[in-house]
Amino acid sequence: MLQKLIAKLISYLDRLAPGQPVVSWRKALTISIGVGVTIFAIEFLNLADGALEFKESMVIVVFGVSALMIFLCPNSKMYSPLVILEANLLASFVALTCAYLLPTPFIGMIVAMFCTVLGLYFLNCMHPPAFFLGAVIVIAGVDSLDFAFYPVMVDTLLLCLVSHLYRAYLRR
């Protein structure tokens, strides 16, 4: 009786959330090492300069998601080098404007996310992690325009380089 109940529960859960596609060990290892090395390089760059406060360093999480998606979906336009650069710079400028002009982080975050999605759509550079970059910048309370250049632009250029190199590696 209990075994039938467990079998039905498992069957129901399998229909609710189908299994993940099978990925070879080599590909999983390539993705893991690529993401790890990319995040290490970004973190090393930021630690070498030493100018980031704890709240500001939260943007590394967003860059980690971008790095993961670069390796998971290398042929997607959303993770091409130019789209990554455009989207992250747009999101950072929108978020910095909202953090500077709007009175509370809650309102600033909502406006930044709305304007970022709208801007990404109109510029045809949809990059989902950029949406979260704007939210993190507003939540962190960053209101200096310098933040858009360092760390956002510098780290984004590193992501663009990784994206370009990984795409070139896959083409050969």
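See the structure printed just above.
The present account deals with the structure reproduced in this document. Everything numeric in this text was worked out from a predicted model, so none of it was measured.

To describe a pair of aromatic rings, one takes the distance between the centres and the angle between the planes. Going through the model one piece at a time under the given rule, you end up with six aromatic pairs. Judged by centre distance (6.2 Å) and plane angle (20°), the ring pair of Phe40 and Phe44 falls under stacked. Linking Phe40 with Phe44, this pair stays in helix 2 (residues 25-49), spanning four residues, or about one helical turn. Residue classification places Phe40 among the exposed residues on the basis of a relative accessible area of 59%. Each residue in the set Phe71, Tyr166 and Tyr169 is aromatic and connected to the rest through ring pairs, giving one cluster.

Attention now moves to unusual backbone geometry. Pro151 follows Tyr150 through a cis peptide bond whose omega is 20°. Position of Pro151 relative to the elements: it lies in helix 7 (residues 146-171). A positive phi angle is found at Asn124, which is not glycine, with a value near 55°. Along the polypeptide, Asn124 turns up in the loop between helix 5 (105-123) and helix 6 (128-140).

This brings us to a nonpolar patch on the surface. A cluster of nonpolar side chains, namely Met78, Phe114, Val117, Leu118, Tyr121, Phe122 and Met126, defines an oily patch on the protein surface of about 720 Å² accessible area. With respect to the helices and strands, the residue Met78 is situated in the loop between helix 3 (59-72) and helix 4 (81-101).

On to the packing of helix 5 against helix 6, then. Closest axis-to-axis distance for the helix 5/helix 6 pair is 9 Å, and the angle between their directions is 155°. Taken together, the axes of helix 5 and helix 6 lie roughly antiparallel to each other. Read as a crossing pair, helix 5 and helix 6 show a hand that is right-handed. Across the interface between the two elements, Pro105, Gly108, Met109, Ala112, Met113, Thr116, Val117 and Leu120 of helix 5 pack against Ala130, Phe131, Ala135, Val138 and Ile139 of helix 6. Counted by class, the contact of helix 5 with helix 6 contains 11 nonpolar, two polar and no charged residues.

One finds Val59, Phe63, Phe71, Leu133, Ile137, Phe147 and Leu159 to be the most contacted residues of the largest nonpolar core, which totals 39 residues. Contributions of two or more residues to this core are made by helix 2, helix 3, helix 4, helix 5, helix 6 and helix 7. Top element by residues in this core is helix 4. It accounts for nine residues. Apart from residues no more than four positions distant in its own chain, Ile137 is found in contact with Val59, Ser92, Ala95, Leu96, Val142, Phe147 and Val152.

About the thresholds
- Residues numbered from 1 in each chain as written.
- Predicted model: local features only at pLDDT ≥ 70, side-chain atom pairs only at ≥ 80, totals over all residues.
- Heavy atoms only, no water.
- Phe/Tyr/Trp six-rings, centres within 6.5 Å; stacked < 30°, edge-to-face > 60°.
- Helix = DSSP H or I, 4+ residues; strand = E, 2+ residues; numbered from the N terminus.
- Buried < 20%, exposed > 50% of the residue type's maximum accessible area, 1.4 Å probe, protein only.
- Patch = residues over 30% accessible without salt bridge, like charges linked within 9 Å, V, L, I, M, F, W, Y side chains within 5 Å.
- Areas by Shrake-Rupley, 256 points an atom, 1.4 Å probe, with all protein chains shown as cover.
- Salt bridge = Lys/Arg side-chain N within 4 Å of Asp/Glu carboxyl O.
- Axes fitted to C-alpha atoms, helices over the stretch in contact; angles between N-to-C directions.
- Parallel < 35°, antiparallel > 145°, perpendicular 65-115°, else oblique.
- Left-handed = near helix turned anticlockwise from the far one by under 90°.
- Contact = heavy atoms within 4.5 Å.
- Nonpolar A, V, L, I, M, F, W, Y, C, P; charged D, E, K, R; others polar.
- Core = buried A, V, L, I, M, F, W, Y, C linked by side-chain atoms within 4.5 Å.

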